[in-house]
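Coordinates in review
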Amino acid sequence: METLYHQTNKQIHEVQSQMGRLEMTDRQSVHLLENELQARIDQIFSHLERLEILASKEPPSRRQNAKLRVDQLKYDVQHLQTALRNFQHRRYAREAQEREREELMSRTFTTNDADTSIPIDETLQLNSNLHNAHRGMDDLIGSGSGILNGLRDQRNTLKGTHKKMLDVANMLGLSNTVMRLIEKRASQDKFIMVGGMLLTCVVIFLVVKYLA
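The model shown is predicted, which means the values in this text are computed figures rather than measured ones.

1. Comments concerning the overall build of the protein chain
What the protein chain contains, in helices and strands, is 5 helices and 2 strands. Going from the N terminus to the C terminus, the protein chain shows its helices and strands as α-α-α-β-β-α-α. Across the 212 residues in the protein chain, those meeting the buried criterion constitute 30%. Sequence-distant contacts, at least 24 apart, represent 74% of the contacts inside the protein chain between residues at least 6 apart. Accessible surface, the protein chain: about 13900 Å² in total, of which carbon and sulfur atoms supply 55%.

Written out as structure tokens, the structure reads:
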């Protein structure tokens, strides 16, 4: 199990390092990097399934600690998956916005009585601004939804990890002071998550109110 654990942990750190290259990669190559990252994330999930099986077969004295280590890896890779999906959503929205802008700028309107084309630069600019505002709002809403989903996933993982930590603490006979510190940290994480969700909702409301 140790060999597979260290191999998986190394892959997670490598994916984290590659994620930083996404914003700097050109448009022609970015989808190739996205596919590569997704393939590596899928491989990590496959390794985690194997690690969960191996952890359940560990001796009772080491089983809880092994499961906690696997849960931490699972938490890390879920965070990477959420970050990749958010980047892809922003890229898709940005590319769609650019295509629509190009289509609008290439159009002209003609009069009913003549074949003379009438330039409509001001109208195009207005339409372009409206599309930009709506696309920006959709992008922000999509990112907010992705963040909220990520926070929910993280909360579920933390709840499971917290329960297992309490089980391990009871088994090892840790002091009541340590138990209270663990519970206090869990409560703080919960408040941070709720605060993040409320802040995201407020930002989305302001965007909808002032840009729509």
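Don't stop here, the text continues.
2. Observations concerning the packing of helix 1 (residues 2-19) against helix 3 (residues 60-106)
Contact pair helix 1 / helix 3: the axes reach a minimum separation of 11 Å and the direction vectors enclose 25°. The orientation of helix 1 with respect to helix 3, classified from their angle, is roughly parallel. For the pair helix 1 and helix 3, the sense of crossing is left-handed. Only Arg69, Leu73, Asp76, Val77, Leu80, Ala83 and Leu84 of helix 3 make contact with helix 1, whose side of the interface consists of Glu2, Tyr5, Thr8, Asn9, Ile12, Val15, Gln16 and Met19. Class assignment for the residues of the contact of helix 1 with helix 3 results in 9 nonpolar, 3 polar and 3 charged.

3. Quick look at the nonpolar core
In this structure, Val15, Met19, Leu22, Leu37, Leu48 and Leu51 are the most contacted members of the largest nonpolar core, which totals 22 residues. Taken together, the elements giving at least two residues each to this core come down to helix 1, helix 2 (27-56) and helix 3. In this view, Leu22 contacts Val30, Leu33, Glu34, Leu37, Leu84 and Phe87; residues no more than four positions away in its chain are not counted.

4. Some thoughts on a nonpolar patch on the surface
Together, Val202, Phe205 and Leu206 line one region of the surface with nonpolar side chains, adding up to about 280 Å² of accessible area. Taking the relative accessible area as the measure of exposure, Leu206 reaches 38% and is therefore partly exposed.

5. Looking at the environment of Asn9
Along the chain, Asn9 falls in helix 1. Using a relative accessible area of 22% as the deciding quantity, one classes Asn9 as partly exposed. Sequence separation between Asn9 and Val70 is 61 residues; the distance between their C-alpha atoms is 9.6 Å.

6. Here's the deal with helix 2
Between the first and last C-alpha of helix 2 there are 44 Å, a value that for 30 residues agrees with the 44 Å anticipated at 1.5 Å per step. Every buried residue of helix 2 is accounted for by Val30, Leu33, Glu34, Leu37, Ile41, Ile44, His47, Leu48, Leu51, Leu54 and Ala55. Next to the buried residues of helix 2 lie helix 1 and helix 3.

7. Digging into the confidence of the model for the protein chain
Within the protein chain, residue pLDDT values average 75, and 61% of them lie at 70 or more. Counting interchain partners and residues more than four positions distant, the pLDDT-below-50 stretch residues 109-120 has 9 contacts.

8. So, the pattern of salt bridges
Taken as a whole and judged by the stated rule, the model has 6 salt bridges. Residues Lys74 and Glu52 are paired through a salt bridge, measuring 2.3 Å at the closest nitrogen-oxygen approach. Of this pair, Lys74 sits in helix 3 while Glu52 sits in helix 2, placing them 22 residues apart in sequence. Across the pair Arg62 and Glu58 runs a salt bridge whose closest N-O atoms are separated by 3.0 Å. Assessed through its relative accessible area of 46%, Arg62 is described here as partly exposed. The class for Glu58 is buried, based on a relative accessible area of 13%.

9. Some thoughts on the packing of helix 2 against helix 3
The description of two packed helices rests on the angle between their axes and on the distance between the axes. At a closest axis distance of 10 Å, the pairing of helix 2 and helix 3 adopts a crossing angle of 160°. By the angle between their axes, helix 2 is roughly antiparallel relative to helix 3. You can see that helix 2 and helix 3 cross each other, and the crossing is left-handed. Residues that form the contact of helix 2 with helix 3 fall into these classes: 15 nonpolar, 6 polar and 9 charged.

The rules behind the values
- Residues numbered from 1 in each chain as written.
- Predicted model: local features only at pLDDT ≥ 70, side-chain atom pairs only at ≥ 80, totals over all residues.
- Heavy atoms only, no water.
- Helix = DSSP H or I, 4+ residues; strand = E, 2+ residues; numbered from the N terminus.
- Buried < 20%, exposed > 50% of the residue type's maximum accessible area, 1.4 Å probe, protein only.
- Contact = heavy atoms within 4.5 Å.
- Areas by Shrake-Rupley, 256 points an atom, 1.4 Å probe, with all protein chains shown as cover.
- Axes fitted to C-alpha atoms, helices over the stretch in contact; angles between N-to-C directions.
- Parallel < 35°, antiparallel > 145°, perpendicular 65-115°, else oblique.
- Left-handed = near helix turned anticlockwise from the far one by under 90°.
- Nonpolar A, V, L, I, M, F, W, Y, C, P; charged D, E, K, R; others polar.
- Core = buried A, V, L, I, M, F, W, Y, C linked by side-chain atoms within 4.5 Å.
- Patch = residues over 30% accessible without salt bridge, like charges linked within 9 Å, V, L, I, M, F, W, Y side chains within 5 Å.
- Salt bridge = Lys/Arg side-chain N within 4 Å of Asp/Glu carboxyl O.
- Expected span 1.5 Å × (residues − 1).
- pLDDT = per-residue confidence, 0-100.

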